[in-house]
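Descriptive structure summary
Given next are the chains, with one letter for each unit.
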Amino acid sequence: MNDLISIIIPCYNAGKTLARTLNSVLLQDYKNLEIIMINDGSTDNTADVACRFVERDSRFKLINQENAGVGAARNNGIRHAIGRYIMFLDADDNYTTPYAISKMEKSIRETGADMFVFNFIHPCFEQYIDTGVYDMTDPEQFLEFYQDFFALGMPWNKIYKRECITEDFVEGVKFTEDEIFNDYNLHNMKKVALSSEVLHNYYCAPYNPKAKASAVNSLYSADKFWEKKCTIWHMGMLTNKYRYYAIDKWYADKKEDLFYIRSFDFFFWDFFLMAKNCVKEEFIAETLKGIFREQLFLDTLKSKEKYGLKLKNYTDEDIEAFTNNAYYAFKDIKTYNKDMSMYKVFLGLFGKYFYDLTEDKNTVEILSRTYKDLLANSTKEAIYVNKLLQNRVLDSSANNCKILVMNKLKKKIAKKAED
C-alpha cells in the first residue's frame, strides 16, 4: 500500500474558497491521504463547509482552534498528522491535475529525497523551478538551492518526509513565517529533488487601492509607502533575526555565503509584486531607490564582489533607468506569454546596470553566473536582455525616462539617406 500523506490546510474565513480547494483534493487519484483542516477561529461559514467534507469522506478531519495565525494553525496540524509525508495547502489554492499528488509521492520515493519541490502557477512568479536533485551535504549544491527563494521559501509547493520536520513554524510572525520554517528545517534535508512540472495553483487577491484584501495590498495602498518603509523588503528584513538564528545554529560554516541572500531576494519580491499589482512606475522607482539607500542592502551589493563582480558607481538615474527597462520587460513577457523566466531577466538587467564582471570565478552565485550568461549570450533570458538593452536607451534628462527605440530610429535615418 502507498504511504499515508498528511495534507494540512489552515483555514481562516475561507468559506468562499475552501470547497474548491477540498474538491481538488477529492479528485486526486492518490487515495491514501488524511486531510487535516485547522479552522483558525473563522467568523464566516468556514467550519460549515469543512464539516460537509468530513461527513462525506472519513479522510477529512476538522480541528477548531481560537484565532492564533497561520503558523499556529500549521503547527497544530503537524501535531495531529500521522502520515509518513506531510504537505501544506492553503484554503484558497488547488492542484492543477488529478495526478499531482501521485507524481509528488513517486518523485520523493524514487529519488530518495527528504523534500520534493514542484513548480506552481502564481499571479506574480512563474517558471522559477528547474528540475534537478541537490546533494545538500555538498556546500556548492546547498548554496545553489538556498539562493532559489522560489524553491525554498514556500511550504505549499513541497512534500516533506515527516521525520525531517523537527522545528515548528514561528508563531506570531505574520510575514515570511513559511520561509523561516523552511530555514529551520533545511538542516534535516540531505537530498532535495525539484521538478519544473506545475502541480499547484496559487491564488491571491488582485490589487485594489480601495480595499485591503491582502497583506500586499495593505503595504502598497498606503500613502507614500516607500517613504514610510511599508514595503516587502522592509517587512522581510524585520524578521532577519530568525534567519540569523538559523544560520548561526545550523549553517555557521556557510554564514558568509548565506547572510545577505534574502536581502537580495526581497528586493526582487518588491519589484515583481508592485509590477503585478499595477503600482505606478514612478512609485516603483522611488521604492527601489529607498532600498538602495539602506545600509543592509548596500552591504548586500558589496558582498557580491567576492564572486568576481565589481559594483559600479551608480546614480538615482541608473535606478530609474533599470526600473523602466525591468517594468517594460515584465509587461512584455506577461502580455505575450513569452517562455522565459522573468526572474532571470530581472537578474540580467540588474547585473548590467549595477556591476562589471572583473574576474571569471567558478561560482554558483546566481548573479555572477547570470552575468557570465549575458556575456556569452548563452540562454534565452540572456539573449532577451542583451537585445532589450541594444534596442532601448533612456534619456534621463529632466528625469522623465523617455524611451527611445534607437535601432528603429537608425533604420529610418538609413532609409531616408538611401532615398
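Note that the structure is predicted; figures quoted are calculated from it, not measured. (Residues numbered from 1 in each chain as written. Predicted model: local features only at pLDDT ≥ 70, side-chain atom pairs only at ≥ 80, totals over all residues. Heavy atoms only, no water.)

Thoughts on the pairing of strand β9 (residues 191–201)
Heads up, the rule is: We treat two strands as partners when DSSP finds at least two bridges between them. Numbering goes from the N terminus for both helices and strands, where a helix is a DSSP run of H or I of at least four residues and a strand is a run of E of at least two.
The pairing of strand β5 (residues 94–95) with β9 spans two bridges and is classified as antiparallel. Counted as the bridge partner of Y95 is H200 from β9. Summarising the sheet, strand β6 (residues 115–121) and β9 pair through seven bridges and their orientation is parallel. Each bridged residue has a counterpart across the sheet, and for F116 the counterpart in β9 is A193. As judged from the four bridges shared by strand β7 (residues 132–135) and β9, these two strands associate in the antiparallel manner. Each bridged residue has a counterpart across the sheet, and for Y134 the counterpart in β9 is V192.

Some thoughts on the environment of Y307
Counted only if it meets this: Exposure is judged per residue with a 1.4 Å probe applied to protein chains only, and the accessible area is read against the type maximum: over 50% gives exposed, under 20% gives buried, and values in between give partly exposed. Residue contacts follow a heavy-atom distance rule, with two residues in contact if any of their heavy atoms lie within 4.5 Å. N or O atoms closer than or at 3.5 Å make up a polar contact, with two conditions inside protein: a donor-capable atom paired with an acceptor-capable one, and, for residues adjacent in sequence, both atoms drawn from side chains.
Locating Y307 in the fold gives a position in the loop between α14 (295–303) and β10 (309–311). Taking the relative accessible area as the measure of exposure, Y307 reaches 10% and is therefore buried. For the pair Y307 and V364, spaced 57 residues apart in the sequence, the C-alpha separation amounts to 8.9 Å. Each residue touching Y307, except ones within four places of it in the same chain, is listed here: D257, E359, K361, T363, E365 and S368. A polar side-chain atom of Y307 sits 2.8 Å from a polar atom in the side chain of D257.

Structural notes on the packing of aromatic side chains
Which entries qualify depends on this criterion: Side-chain rings of Phe, Tyr and Trp (the six-membered ring for Trp) are treated as a pair once their centres are within 6.5 Å; stacked means planes under 30 degrees apart, edge-to-face means over 60, and tilted covers the remaining angles. Comment: the charge-over-ring label is applied if NZ (Lys) or CZ (Arg) is within 6 Å of the ring centre and within 35 degrees of the ring normal.
Summed over all chains, the structure comprises 53 aromatic pairs. Aromatic pair F271 and F272: ring centres 5.6 Å apart, planes at 70 degrees, arrangement edge-to-face. Considered together, F271 and F272 belong to a single accessibility category, that of buried residues. For R20, the ring lying beneath its charged end belongs to Y203, and the centroid distance is 3.9 Å. Its end group placed over the ring of Y146, R262 keeps NZ or CZ at 4.5 Å from the ring centre.

Some details on the side chain of N277
Mapped onto the fold, N277 is located in the loop between α12 (261–276) and α13 (281–292). On the accessibility criterion, N277 (7% relative accessible area) is buried. There is a polar contact of 2.7 Å between the side chain of N277 and the backbone oxygen of L273.

Examining the confidence of the model for the protein
What counts, and what does not: Across the chain, each position has a pLDDT score giving the predictor's confidence in that residue, from 0 to 100.
Residues of the protein with pLDDT of at least 70 account for 89%, and the chain-wide mean is 89. Per-residue pLDDT stays below 50 along residues 206–213; that stretch engages in 13 contacts with residues further than four places along the chain or on separate chains. Below pLDDT 50 for its whole length, residues 394–411 participates in 31 contacts with residues either more than four positions away or in separate chains.

Quick notes on the side chain of N324
By secondary structure assignment, the location of N324 is in helix α15 (residues 316–335). Relative accessible area serves as the criterion here: at 7%, N324 is assigned to the buried category. A distance of 2.8 Å separates the side chain of N324 from the side chain of R392, its partner in a polar contact.

Let's talk about the pattern of salt bridges
Test applied: Counted as salt bridges are all cases of a side-chain nitrogen of Lys or Arg within 4 Å of a carboxyl oxygen of Asp or Glu.
As enumerated under the stated definition, the model contains 26 salt bridges in all. With its nearest N and O atoms 2.7 Å apart, the salt bridge here joins E34 to K61. With E34 in strand β2 (residues 33–40) and K61 in strand β3 (residues 60–65), the pair connects residues that are 27 residues apart, well separated along the chain. Judged by relative accessible area, which is 3%, E34 ranks as buried. Since its relative accessible area comes to 35%, K61 is described here as partly exposed. Measuring nitrogen to oxygen at the nearest pair gives 3.2 Å for the salt bridge that ties R262 to E179. Separated by 83 residues along the polypeptide, R262 in helix α12 and E179 in helix α7 (residues 177–185) bring together distant segments of the chain. The exposure classification of R262 matches that of E179, with both residues buried. Residues joined by salt bridges that share partners form a network here, namely E179, R243, R262 and D265.

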